[in-house]
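Here's the letter readout for the chains.
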Amino acid sequence: MKKDLLTHFSFMVALFVLISLYKDWIRIEFLPFWFGGILGTLLPDVDHLIYVYVVKPTEATSQKVAGLVSERKVFQSWDVLAKTRGERKELIFHTAYFQIIFLTFSIFVITSSGSLLGMGLVLAFMLHLLIDQIIDLMENNSLDSWFTKFPFSLDAKQKRYFVFANGVILLVLGFFF
């Protein structure tokens, strides 16, 4: 759990510091941007809880996590979820389909709303998903779980382009809007 949180928050802080410096947002009135970043970093992990309680509540890992949560052992349940993340193939947020839909929503929030909280939330959410994809590429050399619902298959090079494009879009949205 600590490693997972440290990884996501390290990248979020680095990106948000760079954006804040670039846009001269080093004042107290820009704190909602940072609060949105914290929230957006944590929200994609709700996907694992949806899986545990709604999608596959009868699986052994789901029952173990639900038992730990009912005993108020939140950090231990998070550890179990982090160690077994590769087992969950039917996550909702961790798919390319969701990412494409969320990108559309993110563009709307960033370009239209003017909400610093919303901007921070969607940028951190996108960053979290991007980091999860990079981790999957590095650990499993595959993004197959992200593309299971597609009616076609992408080769390894096309999947890397997908991850690269997500990174470029994140940077463009973060720095130029």
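Okay, so let's go over this structure. (Residues numbered from 1 in each chain as written. Predicted model: local features only at pLDDT ≥ 70, side-chain atom pairs only at ≥ 80, totals over all residues. Heavy atoms only, no water.)

## Looking at the nonpolar core
- Ranked by size, the top nonpolar core spans 35 residues in total, and within it Leu15, Phe16, Phe33, Leu123, Phe147 and Leu170 carry the most contacts.
- Mapped by element, the contributors of at least two residues to this core are helix 1 (2-23), helix 6 (96-113), helix 7 (116-140) and helix 8 (156-176).
- Discounting residues that sit within four places of it in the chain, phenylalanine 147 has contacts with Ala96, Leu154, Lys159 and Phe162. (Core = buried A, V, L, I, M, F, W, Y, C linked by side-chain atoms within 4.5 Å. Buried < 20%, exposed > 50% of the residue type's maximum accessible area, 1.4 Å probe, protein only. Helix = DSSP H or I, 4+ residues; strand = E, 2+ residues; numbered from the N terminus. Contact = heavy atoms within 4.5 Å.)

## Some words on the pattern of salt bridges
- Taken as a whole and judged by the stated rule, the model has 7 salt bridges.
- For the salt bridge of arginine 27 with glutamate 29, the shortest nitrogen-to-oxygen distance reads 2.9 Å.
- Looking at arginine 27, the relative accessible area reads 41%, which means it is partly exposed.
- Here glutamate 29 falls in the partly exposed class, since its relative accessible area comes to 45%.
- The shortest N-O distance in the salt bridge between arginine 85 and aspartate 132 comes to 3.7 Å. Here the residue arginine 85 occupies a position in the loop between helix 5 (74-83) and helix 6, and aspartate 132 occupies one in helix 7, the gap between them amounting to 47 residues. (Salt bridge = Lys/Arg side-chain N within 4 Å of Asp/Glu carboxyl O.)

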